[in-house]
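Chains, contacts and geometry: an overview
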Amino acid sequence: MDRSAISTAMQDYLKAIWDLTRAGEAAPTSAIAERLEVSAASVSGMLKRLAALELVVHEPYQGARLTVTGRRLALEMIRHHRLIELYLAEALGVPWDRVHEEAEKLEHVISEDLERRMAAHLGDPHFDPHGAPIPRMDGELPPMPGSRTLIEAEAGSPLRVTQVDDDPELLRYLDGHGIGLGTPLEVVTREPFGGPLVVRLGRGECRLGPEAAHRIRVAPHEPQESES
């Protein structure tokens, strides 16, 4: 099925279901409704339409899963979105906390030719400005570097930031602390009872709350001589 044959709203549903089913479970109606900020009744109606087009498998009270065709279309939209984010950031200098909103508008309207031109201009990139993988033309995701959330990291180990959620408020918060993709850091201590993490950045330290730490992914980092 061609992308132009389904509506913008349907495309948004496919993206949301893909994101909500990555852990292997079906996407509950309530979770889809929360993600898209619509009523549960609206979700139920749309899932019936998507099922009729053989884009999802929907079992009442069990949730929804994408079919092979639905997954292909969802990943195509995600590829558009993340390529646009990277193009806006690298070619136009749009701050990383603003590219998501702009990409949400543009992902539905760019042509396949423009998509290919953007990818070529960017050197066929694997990751967007927030470190999320960009699906390849064949619909597969590039391998992710071994990473875990900052909240899971052991204290005292050199780390680098590999991915962050694309929430604008979070990104502005991280900017305020000097944290971006590739930033080397180290967990110093965790305050008890769900308190903040004390994180060392260069010669300084900052505190990050558990919610922020859950939304930052890190990988082991080998410091270079210039960082010592």
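For clarity, every value in this text was computed on a predicted model and none was experimentally measured.

Next up on the list: the overall build of the protein. Counting its regular elements, the protein contains eight helices and eight strands. Its C-alpha radius of gyration of 19 Å places the protein within 12% of the 17 Å reference for a compact globule of 228 residues. C-alpha atoms of the protein, sized along the principal axes, occupy 60 × 45 × 25 Å. Accessible area of the protein: about 12,300 Å², with a carbon and sulfur share of 51%. On the protein, the mean spot of the 25 positive side-chain charges and the mean spot of the 37 negative ones are 2 Å from each other.

If you check helix H4 (residues 68-91), its first and last C-alpha atoms are 34 Å apart, about what 24 residues at 1.5 Å a residue would give, namely 34 Å. Looking one or two residues past H4, glycine 93 carries a phi angle of roughly 70 degrees, positive in sign.

Here we come to the environment of serine 39. With respect to the secondary-structure elements, serine 39 resides in the loop between helix H2 (29-36) and helix H3 (40-52). Sequence-wise, serine 39 and threonine 29 are 10 residues apart; in three dimensions their C-alpha atoms are separated by 9.3 Å.

Our next topic: the pairing of strand E2 (residues 63-66). Pairing geometry for strand E1 (residues 56-59) and E2, over four bridges, is antiparallel. Pairing of valine 57 across the sheet is with arginine 65, part of E2. The antiparallel hairpin formed by E1 and E2 contains three residues in its connecting segment, where tyrosine 61 sits at a positive phi of about 70 degrees.

With that out of the way, let us pick up the pattern of salt bridges. Tallied over the full model, the rule gives 14 salt bridges. For arginine 215, the salt bridge goes to aspartate 167, with nearest N and O atoms at 3.8 Å. Pair noted here: arginine 215 is in the loop between helix H8 (210-214) and strand E8 (216-220) and aspartate 167 is in the loop between strand E4 (159-164) and helix H7 (168-176), with a separation of 48 residues, a long-range link. In this structure aspartate 167 comes out as partly exposed when scored by relative accessible area, which is 28%. Among the ionic contacts, a cluster of salt bridges with common partners joins Asp165, Asp167, Glu211 and Arg215.

Turning our eyes to something else, we now look at the packing of H4 against helix H5 (residues 99-106). Following both chains from N to C, one finds H4 and H5 inclined at 130 degrees, their axes separated by 9 Å at the closest point. Judged by the inter-axis angle, H4 sits oblique to H5. Between H4 and H5 lies a crossing whose hand is right-handed. In contact with His81, Ile84, Glu85, Leu88 and Ala89 of H4, H5 contributes Val99, His100, Glu102, Ala103, Glu104 and Leu106. Of the residues in the contact of H4 with H5, the class split is six nonpolar, two polar and three charged.

Looking now at the sheet that holds strand E7 (residues 204-208). The strand order across the open sheet built from six strands is E3-E8-E4-E5-E6-E7, with neighbouring strands paired in antiparallel fashion. Looking at the sheet topology across the chains shown, the edges are occupied by strand E3 (148-149) and E7. Pairing of strand E5 (residues 184-190) with strand E6 (residues 197-201) involves four bridges; the strand directions are antiparallel. For threonine 189, the partnering residue across the bridge sits in E6 and is valine 198.

Rules and cut-offs
- Residues numbered from 1 in each chain as written.
- Predicted model: local features only at pLDDT ≥ 70, side-chain atom pairs only at ≥ 80, totals over all residues.
- Heavy atoms only, no water.
- Helix = DSSP H or I, 4+ residues; strand = E, 2+ residues; numbered from the N terminus.
- Rg over C-alpha atoms; globule rule 2.2 N^0.38 Å.
- Areas by Shrake-Rupley, 256 points an atom, 1.4 Å probe, with all protein chains shown as cover.
- Lys, Arg positive; Asp, Glu negative; His and termini not counted.
- Charge placed at Lys NZ, Arg CZ, Asp CG, Glu CD.
- Expected span 1.5 Å × (residues − 1).
- Pairing = 2+ DSSP bridges.
- Salt bridge = Lys/Arg side-chain N within 4 Å of Asp/Glu carboxyl O.
- Buried < 20%, exposed > 50% of the residue type's maximum accessible area, 1.4 Å probe, protein only.
- Axes fitted to C-alpha atoms, helices over the stretch in contact; angles between N-to-C directions.
- Parallel < 35°, antiparallel > 145°, perpendicular 65-115°, else oblique.
- Left-handed = near helix turned anticlockwise from the far one by under 90°.
- Contact = heavy atoms within 4.5 Å.
- Nonpolar A, V, L, I, M, F, W, Y, C, P; charged D, E, K, R; others polar.

That is the geometry; function is a separate question.
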